[in-house]
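Geometric and topological summary
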Amino acid sequence: MGHFVEWYDWYVYGLLAAVFSSQIFPSESAFASLVAALLTYAIGFVVRPLSGIIISPLADRYGRRRVLTLAISGMALGALIIALTPPFSMIGYLAPVLFVVARVLQGISAGSEGQSAIAYLVEQAPANRRGLFGSFTNMASGLATLAATGAAALVTSSFSGDALATWGWRIPFLVGGLLGVVGLLMRARADESPEFEASTVAKQRSAPAGLRQLIRDHPRALLQTAALSAPAVAYYTWATFLPTYANLTSGRGLSSTLTGSVIGLLLLVIVVPVCGALSDRLGRRKIFPIVGALGMIILFYPLLLLLNQPGFGVYVIVAASGWVVLGVWQSVYPTIQAELFPASVRVSGIGFAHQIVIAVFGGTAPLIAATFVSAGHPTFVAFYMIVIVALCLAVYFTLPETGSRSNRITVALNDSDIVEDALPR
């Protein structure tokens, strides 16, 4: 529930940027206003790696639950600021400033959320269900994307142009802020991860290694974690820019493309846990690195070309096909990342590599895609995604098989920092 709320609040901004951009970031052209809104969107991604580096070690030192509680507080507050900020016409430049503040808060929250949630869920899982439990993080984010897209589709189709631009777009943000309070209460009452508690009981080094030591001791795992996260460039393009891309390149209405994306996202939330469960039986590498990455490389270019054909059904096919291969990627990478690091540096390691990659590729994806479209080269969006995923694929062949049918208690394959006998039974 908490992870769902986190990413609902995160994604809804990108989906509605084209609607509120003229109200908060007025300019001489609608496209310039959209770019300003997307640049503000990217600020949250810039903050994420700093948060991942600074706050993630706190989860290794003081526990996953405390950091997760802190994260959802900042995300909900940011959503409420966006929902309640008056337009530029009323308060002038204070409006975009408040949006920047909100995105900084949300960037700090997102930067400490993902890796903490991954570690928490995988460490809570039975030994033979870690792939399934790890997939729950991305199933929740998929549901959040679905809900955010559905909310955006609902408000864009329910309100007239003036009402939507004036106040209708605020409703999804207000709902997200209120849902954050629910998630906050749930997280505040949750139990701590048993593996983290075991590291404390065993009096092992639960405090994180310094950044320099982390890079020195786990360079291979950091590179592999970064490669596992880098296809986020495709995820963020599909999640937040595909409806706008179709609107700009083929003239489709924004409300219809958002509705089509909702249909496609239904497949994502089914594929993710199914593949996660299969990874517990078949192994991790067979599901994610090969099938997921190759699917993206093969399909992205023809799918974007297909958008040139008219019809709502065509858009649904494009969106759904992309979400299926993205679901295969999303299903297993959280568990693999958790299994690459020992408990004492798990959140720090994932946070450092994952958040830097997300900031570089995920945060800039809508802006770069918009730039390609504006320059008259929309198919470059596909080439950009394909090149990044292809580079990641080369790294996937170096991944160890972290899935195991054994009943080992510790998550990592070789975790010398956890004494298994100290784990709660």
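These remarks concern the structure in this document. Fair warning: this is a prediction, and the values are worked out from it, not measured in the lab. (Residues numbered from 1 in each chain as written. Predicted model: local features only at pLDDT ≥ 70, side-chain atom pairs only at ≥ 80, totals over all residues. Heavy atoms only, no water.)

Overview of the overall build of the protein
A count of helical and extended segments in the protein gives 18 helices and zero strands. The C-alpha radius of gyration of the protein comes to 21 Å, within 12% of the 22 Å expected for a compact globule of 425 residues. For the C-alpha atoms alone, the extent of the protein along its principal axes is close to 65 × 45 × 35 Å. Expressed as a percentage of the 425 residues in the protein, the buried residues total 59%. Summing over all exposed atoms, the protein offers an accessible surface of approximately 15800 Å²; the carbon and sulfur share of this is 68%. Of the charged side chains in the protein, 25 are positive and 19 negative; the average position of the first set lies 3 Å away from that of the second. (Helix = DSSP H or I, 4+ residues; strand = E, 2+ residues; numbered from the N terminus. Rg over C-alpha atoms; globule rule 2.2 N^0.38 Å. Buried < 20%, exposed > 50% of the residue type's maximum accessible area, 1.4 Å probe, protein only. Areas by Shrake-Rupley, 256 points an atom, 1.4 Å probe, with all protein chains shown as cover. Lys, Arg positive; Asp, Glu negative; His and termini not counted. Charge placed at Lys NZ, Arg CZ, Asp CG, Glu CD.)

Side note on the nonpolar core
Phe20, Tyr236 and Trp238 are the most contacted members of the largest nonpolar core, which totals 113 residues. For Phe20, the contacting residues outside a window of four places in its chain are Tyr13, Phe25, Ala37, Phe99, Trp169 and Phe173. In this structure, Ala59, Val67, Ala119 and Val347 belong to the second largest nonpolar core, which totals five residues. (Core = buried A, V, L, I, M, F, W, Y, C linked by side-chain atoms within 4.5 Å. Contact = heavy atoms within 4.5 Å.)

Points about the packing of helix H1 (residues 2-24) against helix H8 (residues 170-188)
Taken N-terminus to C-terminus, the directions of H1 and H8 make an angle of 170 degrees; their axes are 9 Å apart at the nearest point. When the axis of H1 is compared with that of H8, the two are roughly antiparallel. As for how H1 packs across H8, the hand of that crossing is left-handed. Along the contact surface, H1 presents Gly2, His3, Phe4, Val5, Glu6, Tyr8, Asp9, Val12, Tyr13, Leu16 and Phe20, while H8 presents Pro172, Phe173, Val175, Gly176, Gly177, Leu179, Gly180 and Arg187. (Axes fitted to C-alpha atoms, helices over the stretch in contact; angles between N-to-C directions. Parallel < 35°, antiparallel > 145°, perpendicular 65-115°, else oblique. Left-handed = near helix turned anticlockwise from the far one by under 90°.)

Let's talk about the packing of helix H14 (residues 284-306) against helix H15 (residues 312-340)
The N-to-C vectors of H14 and H15 enclose an angle of 155 degrees; their axes lie 9 Å apart at closest approach. When the axes of H14 and H15 are compared, the pair comes out roughly antiparallel. Crossing hand, H14 versus H15: left-handed.

With respect to a nonpolar patch on the surface
Together, Leu50, Ile53, Ile54, Leu211, Ile215, Ile356 and Val360 line one region of the surface with nonpolar side chains, adding up to about 580 Å² of accessible area. The set of elements that each furnish at least two residues to the nonpolar patch consists of helix H2 (30-62), helix H10 (211-217) and helix H16 (346-362). With three residues, the single largest contributor to the nonpolar patch is H2. (Patch = residues over 30% accessible without salt bridge, like charges linked within 9 Å, V, L, I, M, F, W, Y side chains within 5 Å. Salt bridge = Lys/Arg side-chain N within 4 Å of Asp/Glu carboxyl O.)

Regarding the side chain of Asp280
Considering the arrangement of structural elements, one finds Asp280 in helix H13 (residues 254-282). A relative accessible area of 12% means that Asp280 is categorised as buried. Of note is the side chain of Asp280, whose polar atom sits 3.4 Å from the backbone nitrogen of Arg130. Leaving out residues up to four positions away in the same chain, Asp280 has contacts with Asn128, Arg129, Arg130, Gly131 and Leu132. (Polar contact = N/O pair within 3.5 Å; in protein donor to acceptor, adjacent residues only side chain to side chain.)

Considering the packing of aromatic side chains
What the rule picks out here adds up to 32 aromatic pairs. A centroid spacing of 4.9 Å and a plane angle of 70 degrees characterise the contact between Trp10 and Phe45, whose relative ring orientation is edge-to-face. Of this pair, Trp10 sits in helix H1 while Phe45 sits in helix H2, and the two are 35 residues apart along the sequence. Take Trp10 and Phe45: they sit in the same class, and that class is buried. (Phe/Tyr/Trp six-rings, centres within 6.5 Å; stacked < 30°, edge-to-face > 60°.)

Some details on the environment of Val357
Within the secondary structure layout, Val357 lies in helix H16. Of the residues examined, Val357 reaches a relative accessible area of 9% and is grouped as buried. When the C-alpha atoms of Val357 and Ser229 are compared, they prove to be 6.6 Å apart, with 128 residues separating the residues in sequence. Other than its neighbours up to four places away in sequence, Val357 contacts Ala226, Ser229, Ala230 and Gly362.

A word on the environment of Arg170
With respect to the secondary-structure elements, Arg170 resides in helix H8. Of the residues examined, Arg170 reaches a relative accessible area of 13% and is grouped as buried. Sequence separation of Arg170 and Ala79 is 91 residues, and the distance between their C-alpha atoms is 9.5 Å. Here Arg170 is in contact with Ile82, Ala83, Leu84, Thr85, Pro86 and Pro87, once residues within four sequence places are set aside. Polar side-chain contacts of Arg170 include one of 2.5 Å to the backbone oxygen of Thr85.

Focus on the pattern of salt bridges
Tallied over the full model, the rule gives seven salt bridges. A salt bridge links Glu123 to Arg64, with the shortest nitrogen-to-oxygen separation between them at 2.7 Å. With a gap of 59 residues between them, Glu123 in helix H5 (residues 94-124) and Arg64 in helix H3 (residues 64-84) connect regions that are remote in the sequence. Here Glu123 and Arg64 have matching classes, each one buried.

What to know about helix H18 (residues 380-396)
Counted at 1.5 Å a residue, the expected span for H18 with its 17 residues is 24 Å, and the 25 Å between its end C-alpha atoms agrees. Among all positions of H18, only Val381, Ala382, Met385, Ile386, Ile388, Val389, Cys392, Leu393, Val395 and Tyr396 are buried. Contacts made by the buried residues of H18 are with helix H11 (219-229), helix H12 (232-250), H14, H16 and helix H17 (365-374). (Expected span 1.5 Å × (residues − 1).)

Some thoughts on the state of the cysteines
Counted by the stated rule, this structure contains zero disulfides. Cys275 forms no disulfide, and the closest cysteine sulfur to it belongs to Cys392, at a distance of 18 Å. A relative accessible area of 5% means that Cys392 is categorised as buried. (Disulfide = S-S within 2.5 Å.)

Re the side chain of Ser56
Its place among the elements puts Ser56 in helix H2. Ser56 has contacts with Ser51, Gly111, Gln115, Val347, Ser348 and Gly351, leaving out every residue within four places of it along the chain.

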